[in-house]
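What follows is each chain in one-letter form.
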2 protein chains.
Amino acid sequence: MQSETIENYLKTIYHLSAGNSTIVNNKQLADKLKVIPATVTEAVKKLHDLKLVIYEKSYGTRLTSSGSKMALNIVRRHRIWETYLANELGFGWDEVHEIAEELEHIKNDKLIKKLSEKLGHPNFDPHGDPIPDEKGKIQKSNFIKLSEVKVKHHCKIMGVTDHSTTFLKYLEKHELIIGASITIKTIEDFDNSIVLVCQKKDVSVSSKAAECIIVETI
Amino acid sequence: MQSETIENYLKTIYHLSAGNSTIVNNKQLADKLKVIPATVTEAVKKLHDLKLVIYEKSYGTRLTSSGSKMALNIVRRHRIWETYLANELGFGWDEVHEIAEELEHIKNDKLIKKLSEKLGHPNFDPHGDPIPDEKGKIQKSNFIKLSEVKVKHHCKIMGVTDHSTTFLKYLEKHELIIGASITIKTIEDFDNSIVLVCQKKDVSVSSKAAECIIVETI
DNA sequence: ATTAATTTTTTGGTTAACCAAAAATAATAA
DNA sequence: TTATTATTTTTGGTTAACCAAAAAATTAAT
Ligand SMILES: [Mn+2]
Ligand SMILES: [Mn+2]
Ligand SMILES: [Mn+2]
Ligand SMILES: [Mn+2]
């Protein structure tokens, strides 16, 4: 098995199991990796042989500790590159993911070390996602979804859970970017849509969008 | 045929044909690409079908104009990355080649544009090799080998033709780096070894090493 | 508890990129 | 020019990563 294929499987298993070692099933993996379930069955068997996952037939797959270590490392590389592309090369936060998807597979530890160093060892990427350190440790945070903030409260945008270009461009248009301070003006009882104040302007946000914005209360 | 494989073949054909469209044979390609000749035969047939090379059975292979265009583009990407790694991230000129060998395959034109821009659109990489522009044009230069410089003459180191770590480390030790000004003190008749002055110190250089150092007379 | 729907696995098959060994061709030396 | 050597091609075979369709197993719905 090629290292790029292994890395993509491990990373996807990691994301689907939400960081924990929750069991992931073939259908989910097949959808994310854009292959058919039969391909996944084959792959997870091999990853099991490599002791990177524990695959239980007809039940599901979870990462072993060495698989998890590898996954965290790929996530680190991905997010370091995203941060680098955004902060040093001036790419938009909607452009970095696609490029990082390739760059994350470059195998050179010193390279990631140098990039991290140049960036001042950042703990969060341009989407607000935490960057694991060299040991795989992730900075804990007590962020909540914008949809959970109460009316009149103040908060600060810390991240997003939807990385699609359309969503990110929409946020940018309303200046709803990482670090922006906002105040909840009203919450509509009918559909949970929110009107908030950001940069002194009123912005209306649907409940669907509010579910995808991560904030820290202040 | 996968794009990375194609790119590696085209780049190697380009280098072996020395920029011109000299015919390259299978043995040379096999050696450089570390595969056996049978594999090369298969590959060049496919590249021929893709109209990237002209392959004449039992004779040899040369790039078509579209193959040449692609090759130049890969060389550009490789050398831009090398320059970036050296100038922006502080990698040594002996370290950059290996990493660039992977980075050159990242497919994103805007990325190369941004890197080039940040570097001030350099025309030469850390080894003194010319960087083709977006159109594939290479800056002409009238550099000569150190072994061709006459005694008492002054010159400036502009590049190397041997990229091996051992050679580059040897040069660095004697401060024989790109841009260094040197003066030829003596040339030994017996073995063509040279004694030159660099940074006020005498350095003895074998004729073999002098063949691998590119200079500009001043 | 059956039936129906979904998910998973098996089986058989493809393509890209490689290799080893044998056969064919070309180049070089005697 | 023949013999020897080197290079190239052919043939047959492997492995990784995929898919389609059928069969088996699991889960959900009636
Ligand atoms: Mn991303
Ligand atoms: Mn991200
Ligand atoms: Mn190089
Ligand atoms: Mn170079």
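The structure this text deals with has already been given above.
If you're wondering where the values come from, they're calculated on a predicted model, not measured in any experiment.

### Some thoughts on the interface of chain A and chain B
- Contacts between the two partners involve 20 residues from chain A, matched on the other side by 20 residues from chain B.
- Buried surface at the junction of chain A and chain B, summed over both partners, amounts to about 1700 Å²; 59% is from carbon and sulfur atoms.
- Together, A:L89, A:E102 and A:K114 form the three largest contributors to the area buried by chain A at its contact with chain B, with a combined 29%.
- Our enumeration of links across chain A and chain B arrives at six salt bridges.
- The partner of A:E88 in a salt bridge is B:K118, with the nearest N and O atoms 3.4 Å apart.
- Taken together, the connections running from chain A to chain B amount to 11 residue pairs in polar contact (both at pLDDT 80 or more).
- Looking at the side of chain A that touches chain B, the elements with two or more residues in it are α4 (65-87), α5 (96-103) and α6 (109-118) of chain A.
- Per-element accounting of the side of chain A that touches chain B gives the leading share, five residues, to α6(A).

### Some details on the relation of the copies chain A and chain B
- Mapping chain A onto chain B leaves a residual RMSD of 0.1 Å; the transformation is a rotation of 180 degrees accompanied by 0.0 Å of translation along its axis. The transformation relating the two chain copies, once decomposed into turn and shift, fits a two-fold axis. Within chain A, the C-alpha atom positioned nearest to the axis of rotation is that of A:L103, 3.8 Å from it.
- When the interface residues of chain A are mapped onto chain B, 100% of them are again interface residues, pointing to one common binding face.

### Some thoughts on the protein's contact with DNA strand C
- Among the 20 residues in the neighbourhood of DNA strand C, the closest are listed as A:N26, A:Y55, A:S58, B:M1 and B:Q2.
- Between a phosphate oxygen of DNA strand C and a side-chain N or O atom of A:T41, the distance comes to 3.0 Å.
- Contact distances for DNA strand C include 2.5 Å between a phosphate oxygen and a side-chain N or O atom of A:Y55.
- Within the residue set of the surface near DNA strand C, elements represented by two or more residues are α2 (26-33) and α3 (37-49) of chain A together with α3 (37-49) of chain B.
- When residues in the surface near DNA strand C are grouped by element, the largest group, four residues, is from α3(A).

### A short note on the coordination of the manganese ion (ligand 3)
Residues and elements named next belong to chain B.
- Ligation of the manganese ion (ligand 3) by protein atoms is provided by H78 (NE2), E82 (OE) and H97 (ND1), these donors lying 1.8 to 2.1 Å from the ion.
- Along the chain, the residues donating to the manganese ion (ligand 3) are arranged with the sequence spacing H-x3-E-x14-H.
- The metal-metal distance between the manganese ion (ligand 3) and the manganese ion (ligand 4) comes to 3.5 Å, with E82 coordinating both. On the criterion of helical spacing, the pair formed by H78 and E82 is a turn pair, its members being four residues apart in helix α4 (residues 65-87).
- Owing to a relative accessible area of 1%, E82 belongs among the buried residues under this scheme.

### With respect to empty space enclosed by the protein
- The tally for this structure, following the rule as stated, stands at one cavity of 30 Å³ or more.
- In this structure, the largest cavity encloses a volume near 30 Å³.
- Around the largest cavity, the lining residues are A:W81, A:Y84, A:L85, A:L89, A:L115, B:W81, B:Y84, B:L89 and B:L115.
- Those elements that provide at least two residues to the lining of the largest cavity are α4 of chain A together with α4 of chain B.
- The greatest single-element share of the lining of the largest cavity, amounting to three residues, is contributed by α4(A).
- Its residues assigned to classes, the lining of the largest cavity shows nine nonpolar, no polar and no charged.

### Structural notes on the nonpolar core
- Ranked by size, the top nonpolar core spans 34 residues in total, and within it A:W81, A:L103, A:L111, B:W81 and B:L111 carry the most contacts.
- When residues of this core are traced back to their parent elements, those giving at least two are α4, α5 and α6 of chain A together with α4, α5 (96-103) and α6 (109-118) of chain B.
- Dropping the residues within four chain positions of it, A:W81 is found in contact with A:A100, A:L103, A:E104, A:L111, A:I112, A:L115, B:W81 and B:L103.

### Considering the coordination of the manganese ion (ligand 1)
Residues and elements named next belong to chain A.
- Donor atoms from the polypeptide that coordinate the manganese ion (ligand 1) comprise H78 (NE2), E82 (OE) and H97 (ND1), at 1.8 to 2.1 Å from the metal.
- In terms of primary sequence, the donors binding the manganese ion (ligand 1) are separated according to H-x3-E-x14-H.
- According to the relative accessible area criterion, H78 is buried, its value standing at 7%.

### Let's talk about the protein's contact with DNA strand D
- Near DNA strand D, the surroundings consist of 21 residues, among which A:M1, A:Q2, B:N26, B:Y55 and B:S58 are the closest.
- The sugar-phosphate share of atoms of DNA strand D within 4 Å of the protein amounts to 77%.
- Separating a phosphate oxygen of DNA strand D from a backbone N or O atom of A:Q2 is a distance of 2.6 Å.
- For DNA strand D, a phosphate oxygen lies 2.7 Å from a polar atom in the side chain of B:K45.
- For the surface near DNA strand D, the secondary-structure elements that each account for two or more residues are α1 (3-16) and α3 of chain A together with α2 (26-33) and α3 of chain B.
- Ranked by residue count, the leading element in the surface near DNA strand D is α3(B), at four residues.
- Of the residues that constitute the surface near DNA strand D, the class distribution is eight nonpolar, eight polar and five charged.

### So, the sheet that holds strand β8 (residues 213-217) of chain B
Residues and elements named next belong to chain B.
- Taken in spatial order, the six strands make up an open sheet running β3-β8-β4-β5-β6-β7, and their pairing is antiparallel. Edge positions in the sheet fall to β3 (144-145) and β7 (201-205), since each has one partner strand and no second.
- Bridge analysis of strand β5 (residues 181-187) against strand β6 (residues 194-198) gives five bridges, and the strand direction is antiparallel. When the sheet's bridge partners are listed, T186 is paired in β6 with V195.
- The sheet contacts of helix α7 (residues 165-173) involve β4 (154-160), β7 and β8, and relative to β4 the element is tilted by about 150 degrees.

### As for the layout of surface pockets
Residues and elements named next belong to chain A.
- Considering only enclosed or pocket space, the second largest pocket measures out at about 1600 Å³ in volume.
- Lining of the second largest pocket is provided by 45 residues; of these, Y14, H15, R79, D129 and H163 occupy positions nearest its centre.
- Among the elements of the structure, α1, α2, α4, α5, β4 (154-160) and α7 (165-173) are those that each provide at least two residues to the lining of the second largest pocket.
- Here the lining of the second largest pocket is composed, by residue class, of 15 nonpolar, 18 polar and 12 charged.
- Looking at which domains feed residues into the lining of the second largest pocket, each of domain 1 (3-63) and domain 2 (144-217) supplies at least three.

Criteria and cut-off values
- Residues numbered from 1 in each chain as written.
- Chains lettered and ligands numbered in written order.
- Predicted model: local features only at pLDDT ≥ 70, side-chain atom pairs only at ≥ 80, totals over all residues.
- Heavy atoms only, no water.
- Contact = heavy atoms within 4.5 Å.
- Buried area = accessible area lost by both parts, 1.4 Å probe.
- Salt bridge = Lys/Arg side-chain N within 4 Å of Asp/Glu carboxyl O.
- Polar contact = N/O pair within 3.5 Å; in protein donor to acceptor, adjacent residues only side chain to side chain.
- Helix = DSSP H or I, 4+ residues; strand = E, 2+ residues; numbered from the N terminus.
- Least-squares fit on C-alpha atoms with pLDDT ≥ 70 in both.
- Near = heavy atom within 4 Å.
- Donors = N, O, S within 2.8 Å, 3.2 Å for Na, K, Ca; no water.
- Buried < 20%, exposed > 50% of the residue type's maximum accessible area, 1.4 Å probe, protein only.
- 1 Å grid on protein atoms, 1.4 Å probe; cavity = no way out; pocket = protein on both sides within 12 Å on 5 of 7 lines; lining within 4 Å.
- Points joined across faces, edges and corners; volume = space filled by probe spheres on them.
- Nonpolar A, V, L, I, M, F, W, Y, C, P; charged D, E, K, R; others polar.
- Core = buried A, V, L, I, M, F, W, Y, C linked by side-chain atoms within 4.5 Å.
- Pairing = 2+ DSSP bridges.
- Axes fitted to C-alpha atoms, helices over the stretch in contact; angles between N-to-C directions.
- Domains from an automatic or database assignment.

The values are spatial; any link to function lies outside them.
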